[in-house]
Amino acid sequence: MPIVPDGPVYGGEQDHQDAGRGTARLSGPLFRDETFQARELPAETQNPEPMPDVPQTPPAPQKKSAGRDLSAAIGVGVGLGVVIVASLFIVKAVFIGVIALAVVVGLWELTSRLQERKGIKAPLVPLAVGGAAMVVTGYVRGAEGAWVAMALTALAVLVWRMTEPPEDYLKDVTAGVFAAFYVPFLATFVALLLTADDGPWRVLTFLLLTVVSDTGAYAVGWRFGKHKLAPRISPGKTREGLFGAVTFAMVAGALCMQFLIDDGVWWQGLLLGLAVAASATLGDLGESMIKRDLGIKDMGTLLPGHGGIMDRLDSLLPTAPVVWLLMVVFVGSA
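Residues numbered from 1 in each chain as written. Predicted model: local features only at pLDDT ≥ 70, side-chain atom pairs only at ≥ 80, totals over all residues. Heavy atoms only, no water.

Novice: Help me out: how do you make sense of the environment of A156 in this one?
Specialist: Along the polypeptide, A156 turns up in helix α7 (residues 124–161). For the pair A156 and V125, spaced 31 residues apart in sequence, the C-alpha separation works out to 9.4 Å. (Helix = DSSP H or I, 4+ residues; strand = E, 2+ residues; numbered from the N terminus.)

Novice: Help me out: how do you make sense of the side chain of D172 in this one?
Specialist: Mapping D172 onto the fold places it in helix α8 (residues 169–194). Beyond its immediate chain neighbours, meaning those up to four positions away, D172 contacts G119, I120, K121, A122, P123, R161 and E167. (Contact = heavy atoms within 4.5 Å.)

Novice: Looking at this structure, how should I read the nonpolar core?
Specialist: The nonpolar side chains of soluble globular proteins are, as a tendency, buried together. I99, Y182, V203, F206, L272 and M327 are the most contacted members of the largest nonpolar core, which totals 60 residues. When residues of this core are traced back to their parent elements, those giving at least two are α6 (92–118), α7, α8, α9 (199–224), α10 (239–259), α11 (266–294), α12 (309–313) and α13 (316–331). A per-element tally of this core places α8 first, with 15 residues. Once you skip the residues sitting within four places of it in the chain, M327 turns out to touch L193, R202, T205, M257, I261, L272 and G332. (Core = buried A, V, L, I, M, F, W, Y, C linked by side-chain atoms within 4.5 Å. Buried < 20%, exposed > 50% of the residue type's maximum accessible area, 1.4 Å probe, protein only.)

Novice: Help me understand α6, please; the structure alone is not making it clear to me.
Specialist: For an α-helix, the turn length of 3.6 residues means that residues three or four places apart are oriented alike. Under the 1.5 Å per step criterion, the end-to-end length of α6 is 38 Å for 27 residues, consistent within 8% with the ideal 39 Å. Downstream of α6 by one or two residues, G119 has phi in the positive range, about 70°. (Expected span 1.5 Å × (residues − 1).)

What follows is the structure, given as structure tokens:
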């Protein structure tokens, strides 16, 4: 855009006339400001305002992100699946050991976060020993054995904490009893599923339906999610995602009950899938509530792309007793 100076433009005859009057005007600051600057500086420096007829480039749209390392999450998930399925169908005792190990690590993560963030000292030793014993006893002696082991673990927590000063005793033992129920006792129902004649297939159905429910919720919620399900607890969950979880789990449940479970019927699988989607979602929200109270994102860092063991058990733990109960109602416990 041409520059129109406020004063006269020097050149031609006018310059010759000024030259005869002297050179003070040509060599002074006024000449450099009005003439050299106008001729040498680029136009965008003289007029930084954008041209009104030049269209502005819109910002590039941001892509949705899963928020985690997806490749690491898939690799770890596949590796865990191979270990679980192999132990489940080869030697049942090895699978019980896998459950017990997951329980102990989960208890360690939970008690560590409680102490770090809230100063709550839930005694880990009686919890770990009692939790592992709870899983084994449930497999060997059934539901009655699991209840007895749970009661003894709670008693051990109360006694163990007596060896320390009485300050915060009630808070610590309450957290300990909660941890004993939340992690090992609920996990014991997976061992109870395994005791049936078709136990490995019941456990596989339980795992498949929970994973399918979580996958359906993620896929549908990521693609179509607009309405928040529980924004104060877990802002990433949507009603559309819940619909995806229910749909995927019901379809998978019908297939599993029809083809994997002895005497199972497809319509039972529909109800089973619906119940799994509900319990898995509630379990996920429950742990999200705990983590929000603690002010953390993950319970641990043991599993790349997933967080900690407890971050993978959140939907499995409350789903185990639901699946066990419905299996007993639909096809019996034998």
